[in-house]
Amino acid sequence: MAVQELEIGTSWGKELWDQFDNLATHTQKGIDFFERFGNFIRDRSAIEVEYALKLRRLVKNYQPKKNKEDEENEFSTLIAFKNVLKEVADLAGQREVVAENLQNQVLQGITLLAKNLRDERKKSLNQGALLTQSLHTQIGTLERAKRSYEKAFREAEKALEGYQKADADFHLSRADVEKQRVNMNIRNSQSEDAKSEYANQLQITNKLQQQHYQTALPEVFNRLQELDEKRTRGMKEFIKRSADVEYEVSPIIARCLEGMVKAADSINEKDDSMIVIEKYQSGFQPPGDIPFEDLSKPDPDAANNSQTHNSSTGLNHMTGKGTTKDKLKKRVGIFGIFTGNKNNLSTDGLKEDFSDLPPTQRRKKLAAKVQELQQKVAQEQAASDGLMKMKGVYEANSMLGDPRTVEEQLNESVNRLDRLRIELQRYQKLLDQANSQTCNQHSPQANRVIQNGQRVSRHSNGSSNHENNHDDNGEDHPDDAGSLSSSSASPESGLGTSHTSLPGSGQGSTNEQPLNDEYYDADQPLGTCRALYPFDATSEGSIPMSEGEELQVIEVDQGDGWTRVRRFSSKGWEEGFVPTSYIECTLYA
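Residues numbered from 1 in each chain as written. Predicted model: local features only at pLDDT ≥ 70, side-chain atom pairs only at ≥ 80, totals over all residues. Heavy atoms only, no water.

Caption draft 1: The overall build of the chain, seen in detail. The helix and strand tally for the chain stands at 13 helices and nine strands. On the chain, roughly 36,900 Å² of surface is accessible, and the fraction owed to carbon and sulfur atoms is 52%. (Helix = DSSP H or I, 4+ residues; strand = E, 2+ residues; numbered from the N terminus. Areas by Shrake-Rupley, 256 points an atom, 1.4 Å probe, with all protein chains shown as cover.)

Below, the structure is given as structure tokens:
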């Protein structure tokens, strides 16, 4: 009984039987609000799409540029940042999933339900309007029947009064009295008919009104209540569904955030420091102590060196002033045979044998090149073996194919394999030579010192080239193993002997014919160079230079990555070493 009362108490048809217009307005506002919620979901979905698009654009803009050299030794911070970008891209994908599910599972449902609600409301309101119109029509009929009855009743009363007056009047004839009586009867009859019609219409109207307010219209109102409650339930369900869309991707988003934290935890400052060491370690040893030169003690070689220096100075003066342009070009042309071939470069701008790199970096590059060639040889060997098998199958069964077509491909593969093996042997030899070199090499500035007024190259063990180059018989001997290795003087290295290796410097044999004086001038520049980058001299023997500065080259790079240059300043001529990779040289032809 309580449930029934609750249902009656919450029924629009019973409680709001006279609020047809207000219910129509309420249901219209409810559907409009529901559609507004759908617009909210639509705009939110658009924001999610835009957010995902901007996240992807952000990842693309901040994606580190690919560098083959850096990929070998990537810092942990760079790897972590790449992983973070990957996780952000995954987040963007999840936002796209949210937008898609909001559109497909929420917005479409809201649109469909709103359309159905509008259709049901329109149908219910039309039916309610028809019921109301029918009741009003019946009430109008009842009113007309009532007015007819009232008119007929008054006329009947008037006719009765006329008859009574006529009957009491003795002056009227019997015919006049009879006439009044007949008129009275007619009016009474009409009044009774009107009364009967009025009673009949009243009965019909009451029945229709009872049915209208107790059955028909409550059904309409209950349908309006049902569709309004359906709208309310739909609002509830779609709000929860939009939250479920977020819940579905939240585990993946959580994993993305965990991935970011994991990427941050993978950063190791010590490993990055080691990568810097591996990347920039040259392999040189710090320079040793500079020997003390006691000028008070006579040097037996000082006179000869001074005489040689003076003659060289005089020759330099004559060469600078008196030689013709053709002779100067001819002299420099001889030194050109000792310089590296500028066309002998790899695709990354380095020499093919990487001789322009410091020893440690050169060994790494050679090892990587050997590994690369070994992989290519293995791949080519596998391809060649496959072609051999295919040729054997074709020879065994000519229906499968022509062996001659495979033979041509096999010959090309064999030729490529031979070339790769030759190249592998060459780089393996260069690597073995680089590994066999001693690691106790001094810095390039310490490798060249001034002794007794003459510049010489220092051995790795600290002895200069002019020491012990003459035996007791005065015969010259070649340098020992402390000089540049055979790899640095080989054609592959692209390095030759500078003018310091000519007679008088202690390198080579005295049996070699000395170069003509017109071809050799220690102070004559070998060419010019332009500074590509600024350089601050931080060690002894080097000189600073600014970007774009023009200098004279007086000694080419001998494999240690340094070039000796000269420039004129307010203090006069200055000489020193600069990094070869920092300059662009133009040697005289």
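Caption draft 2: Just the nonpolar core, in detail. Of all hydrophobic cores here, the largest spans 36 residues; its most connected members are Phe-34, Ile-41, Ile-110, Phe-221, Leu-224 and Phe-238. Only α3 (20–61), α5 (76–168) and α6 (174–265) provide two or more residues apiece to this core. No other element matches α5, which puts 13 residues into this core. For Ile-41, the residues in contact, after removing those within four places along its chain, are Leu-102, Val-106, Leu-107, Ile-110 and Ser-242. Within the second largest apolar cluster, 14 residues are counted, among which are Leu-526, Ile-543, Phe-577 and Val-578. (Core = buried A, V, L, I, M, F, W, Y, C linked by side-chain atoms within 4.5 Å. Buried < 20%, exposed > 50% of the residue type's maximum accessible area, 1.4 Å probe, protein only. Contact = heavy atoms within 4.5 Å.)

Caption draft 3: Summary view of the pattern of salt bridges. Across all of its chains, the model carries 22 salt bridges by this definition. Across the salt bridge formed by Glu-120 and Lys-230, the nearest N and O atoms sit 3.4 Å from each other. Of the two residues, Glu-120 sits in helix α5 while Lys-230 sits in helix α6, which places them 110 residues apart along the sequence. Two residues, Glu-248 and Arg-241, come together in a salt bridge whose shortest N-O distance is 3.1 Å. Residues joined by salt bridges that share partners form a network here, namely Arg-44, Glu-48, Arg-95 and Glu-246. (Salt bridge = Lys/Arg side-chain N within 4 Å of Asp/Glu carboxyl O.)

Caption draft 4: Summary view of the packing of aromatic side chains. Evaluation of the coordinates by the stated rule reveals ten aromatic pairs. Pairing Trp-17 with Tyr-213 gives two aromatic rings, centres 5.2 Å apart and planes at 90°, and the pair type is edge-to-face. Taken as a pair, Trp-17 in the loop between α2 (12–15) and α3 and Tyr-213 in helix α6 lie far apart in primary sequence, 196 residues in all. Measuring from ring centre to ring centre gives 6.2 Å for Phe-34 and Phe-238, while their planes differ by 45°; the resulting arrangement is tilted. Here Phe-34 is found in helix α3, whereas its partner Phe-238 is found in helix α6, with 204 residues between them in sequence. The two residues Phe-34 and Phe-238 agree in class, both being buried. Here a set of aromatic residues connected by ring pairs shows up, and it is made of Tyr-533, Phe-535, Trp-562 and Tyr-582. When the ring centre of Trp-573 is taken as origin, the NZ or CZ atom of Arg-566, which lies over that ring, is 5.0 Å away. (Phe/Tyr/Trp six-rings, centres within 6.5 Å; stacked < 30°, edge-to-face > 60°. Lys NZ or Arg CZ within 6 Å of the ring centre and 35° of its normal.)

Caption draft 5: How the structure looks around the pairing of strand β8 (residues 572–579). Bridge analysis of strand β7 (residues 562–569) against β8 gives eight bridges, and the strand direction is antiparallel. For Val-565, the partnering residue across the bridge sits in β8 and is Gly-576. Hairpin connection of β7 to β8: two residues between the antiparallel strands. (Pairing = 2+ DSSP bridges.)

Caption draft 6: Region of interest: the packing of α3 against α5. Contact pair α3 / α5: the axes reach a minimum separation of 8 Å and the direction vectors enclose 165°. When the interaxial angle is binned, α3 and α5 end up roughly antiparallel. Two packed elements cross with a definite hand, and for α3 against α5 that hand is left-handed. Among the residues forming the contact of α3 with α5, the class breakdown is 27 nonpolar, seven polar and ten charged. (Axes fitted to C-alpha atoms, helices over the stretch in contact; angles between N-to-C directions. Parallel < 35°, antiparallel > 145°, perpendicular 65-115°, else oblique. Left-handed = near helix turned anticlockwise from the far one by under 90°. Nonpolar A, V, L, I, M, F, W, Y, C, P; charged D, E, K, R; others polar.)

Caption draft 7: Representation of a nonpolar patch on the surface within the structure. Judged by side-chain polarity, Leu-58, Tyr-62 and Phe-81 come together as a nonpolar surface patch covering roughly 300 Å² of accessible area. Note that Leu-58 resides in helix α3. (Patch = residues over 30% accessible without salt bridge, like charges linked within 9 Å, V, L, I, M, F, W, Y side chains within 5 Å.)

Caption draft 8: Local environment of the sheet that holds β8. A sheet is described by the order of its strands in space; here five strands give the open sequence β8-β7-β6-β5-β9, paired in antiparallel fashion. Strands with a single pairing partner mark the edges of an open sheet, and in this sheet they are β8 and β9 (583–587). Within the sheet, the average angular offset between the axes of one strand and its neighbour, ignoring direction, is 35°. For strand β6 (residues 550–555) and β7, the ladder comprises three bridges, and the chain directions are antiparallel. Among the inter-strand pairings, Val-553 is bridged to a residue of β7, identified as Val-565.

Caption draft 9: Molecular detail of the state of the cysteines. By the definition in use, this model includes zero disulfides. We note that Cys-585 lacks a disulfide partner, and the nearest cysteine sulfur, in Cys-529, lies 5.0 Å from it. (Disulfide = S-S within 2.5 Å.)

Caption draft 10: Region of the structure containing the confidence of the model for the chain. Of the residues in the chain, 73% have a pLDDT of 70 or more, and the chain-wide mean is 76. The low-confidence segment residues 1–6 (pLDDT under 50) makes zero contacts with residues lying over four places distant or belonging to another chain. Considering only residues more than four positions removed or in separate chains, one finds that residues 303–343, a stretch of pLDDT under 50, has 46 contacts. (pLDDT = per-residue confidence, 0-100.)

Caption draft 11: How the structure looks around the environment of Tyr-62. Relative to the helices and strands, Tyr-62 is located in the loop between α3 and α4 (68–72). Note: C-alpha distance between Tyr-62 and Phe-81 (19 residues apart in sequence) is 9.5 Å. For Tyr-62, the contacting residues outside a window of four places in its chain are Phe-81 and Leu-85.

Caption draft 12: Geometry of helix α11 (residues 403–436). Its 34 residues place the ends of α11 48 Å apart at the C-alpha level, agreeing with the 50 Å of an ideal helix rising 1.5 Å per residue. Within α11, burial applies to Val-406, Leu-410, Ser-413, Leu-417, Leu-420, Leu-424, Tyr-427, Leu-430, Leu-431, Gln-433 and Ala-434. (Expected span 1.5 Å × (residues − 1).)

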